[in-house]
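Read off the chains here:
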Amino acid sequence: MPELPEVHNFKLYFDAAATGQTIADVRVHDDYIIRNLSGPAFTDALTGRRITGSLRRGKYLFADLDNGHALLLHFGMTGDLHLYQDAVDRHKYERFALHFADGNILGFDDPRKFARILYLHDRDAYIREIKLGPDALDITRETWLDSVRGRKTSVKGVLLNQSILAGVGNLYADEICYRTRIHPASRISALSDDQLLTLHAETVAVMTYGTENAPYYKNYPENWFWHVWREEGKPGPEGVGVVKITKVAGRTTYYVEGWQEEVG
DNA sequence: TGTGATGTTGAATG
DNA sequence: GCATTCAACATCAC
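This write-up is about the structure you can find in this document. (Residues numbered from 1 in each chain as written. Chains lettered and ligands numbered in written order. Predicted model: local features only at pLDDT ≥ 70, side-chain atom pairs only at ≥ 80, totals over all residues. Heavy atoms only, no water.)

### Digging into the sheet that holds strand β1 (residues 23–28)
Part 1 of the argument: Strand order in the open sheet made by the four strands is β1-β6-β7-β5, with antiparallel pairing throughout. With one partner strand each, in any of the chains shown, β1 and β5 (80–84) form the two edges of the open sheet. Strand-to-strand twist across the sheet, computed as the mean angle between neighbouring axes with direction ignored, equals 20°.
Part 2 of the argument: With five bridges joining them, β5 and strand β7 (residues 105–109) adopt antiparallel strand pairing. What sits directly across from His-82, in β7, is Gly-107. (Pairing = 2+ DSSP bridges. Helix = DSSP H or I, 4+ residues; strand = E, 2+ residues; numbered from the N terminus. Axes fitted to C-alpha atoms, helices over the stretch in contact; angles between N-to-C directions.)

### Topic: the sheet that holds strand β8 (residues 116–120)
Part 1 of the argument: Strands sit in the order β2-β3-β4-β8 across an open sheet of four strands; the sheet is antiparallel. One side of each edge strand has no neighbouring strand; the edge strands of this open sheet are β2 (51–57) and β8. Taking the axes of each pair of neighbouring strands and ignoring which way they run, one obtains an average angle of 20° across the sheet.
Part 2 of the argument: Here five bridges tie strand β3 (residues 60–65) to strand β4 (residues 70–74), and the two strands are oriented antiparallel to one another. Bridging across to β4, Asp-64 finds its partner in Ala-70.
Part 3 of the argument: Against the sheet, helix α2 (residues 39–46) touches β3, β4 and β8, its axis set at about 50° to β8. (Contact = heavy atoms within 4.5 Å.)

### Side note on the packing of helix α4 (residues 141–148) against helix α7 (residues 193–213)
Packed helices, taken two at a time, are described by their axes: the angle between them and the distance between them.
Part 1 of the argument: The interhelical angle for the contact between α4 and α7, taken along N-to-C directions, is 125°, at an axis separation of 10 Å. Relative to α7, the element α4 lies oblique. α7 is crossed by α4, and the crossing has right-handed handedness. Across the interface between the two elements, Arg-141, Trp-144, Leu-145 and Val-148 of α4 pack against Leu-196, Leu-197, Leu-199 and His-200 of α7.
Part 2 of the argument: Taken together, the residues of the contact of α4 with α7 sort by class into six nonpolar, one polar and one charged. (Parallel < 35°, antiparallel > 145°, perpendicular 65-115°, else oblique. Left-handed = near helix turned anticlockwise from the far one by under 90°. Nonpolar A, V, L, I, M, F, W, Y, C, P; charged D, E, K, R; others polar.)

### Concerning the packing of aromatic side chains
Part 1 of the argument: One pass over the full model with this rule turns up seven aromatic pairs.
Part 2 of the argument: Each ring, one from Phe-62 and one from Tyr-126, has its centre 6.3 Å from the other, and the planes form 70°; the classification is edge-to-face. Here the residue Phe-62 occupies a position in strand β3, and Tyr-126 occupies one in helix α3 (residues 123–129), the gap between them amounting to 64 residues.
Part 3 of the argument: The class of Phe-62 is buried, set by a relative accessible area of 0%. (Phe/Tyr/Trp six-rings, centres within 6.5 Å; stacked < 30°, edge-to-face > 60°. Buried < 20%, exposed > 50% of the residue type's maximum accessible area, 1.4 Å probe, protein only.)

### Overview of the nonpolar core
Buried together is how nonpolar side chains tend to be arranged in soluble globular proteins.
Part 1 of the argument: Judged by nonpolar contacts, the single largest core of 27 residues is most densely connected at Phe-14, Leu-46, Leu-73, Phe-96, Phe-108 and Ile-117.
Part 2 of the argument: For this core, the secondary-structure elements that each account for two or more residues are α1 (4–18), β1, α2, β3, β4, β6 (94–100), β7 and β8.
Part 3 of the argument: With five residues, the single largest contributor to this core is α1.
Part 4 of the argument: What Ile-117 contacts, discounting residues up to four positions off in sequence, is Ile-33, Ile-34, Arg-35, Asn-36, Phe-42, Leu-71, Leu-72, Leu-73, His-74, Phe-96 and Phe-108.
Part 5 of the argument: Membership of the second largest hydrophobic core comes to 25 residues, among which are Val-148, Val-155, Leu-196 and Leu-199. (Core = buried A, V, L, I, M, F, W, Y, C linked by side-chain atoms within 4.5 Å.)

Laid out in structure tokens, this is it:
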């Protein structure tokens, strides 16, 4: 689920469910995903706190607390939020839940346990520490060009690098490459400035479209590239080219041979 | 039964 | 120190 648009959706859900709420209790069922505190310490740190707001940057969602600290929610591959009132509605893979003073319960579900939950004393210091790049919705052309120049990796390797820009994941990266007709395995250094700017513009456009219209990947329009064209050897969209599956930057990658030309 | 999965990290290498 | 690559993480679903 969670690339930038999905996490944007989580933020909307979180704000409606949690902002302004006071945490009356925290129930931890499995503290594996809480990376810097034990379950009991996590409960101690959060109990009594009020949630004052949230900040999304890339795929990272930070909940701000009334003591100036913050709670990081990173959803990994399978993280999800679930608001409910009755304990019987708890989801099977809930790992912990915030119990609010008004009786509502916000569960954090994560079957695969790749999520990362951290209690942070200083949210901004943490963002600097992990060198999280500018949000993919906001990155300027100048910043993009500056941070991409001199790199030797693939186009897809750049798009997935959260220090260069935050928020693009594996599926959107393929979509962006398809739309720009750039082969994902092309060396970024082999692209012209025009191509780099096209890549930037399409990245922002796809992320913007996603946040506004398709916050959940299964709801994408039928003509979105990777959503439909996921079979090796199939003709590409509108009969152009042939769908190929390969690995780029360590991730399964779909592209259309004859439509996206590899350079460099 | 085996394989792959929307992500990140830390170790290894250049 | 920086850039890059890649296995590892834990578990489920097909």
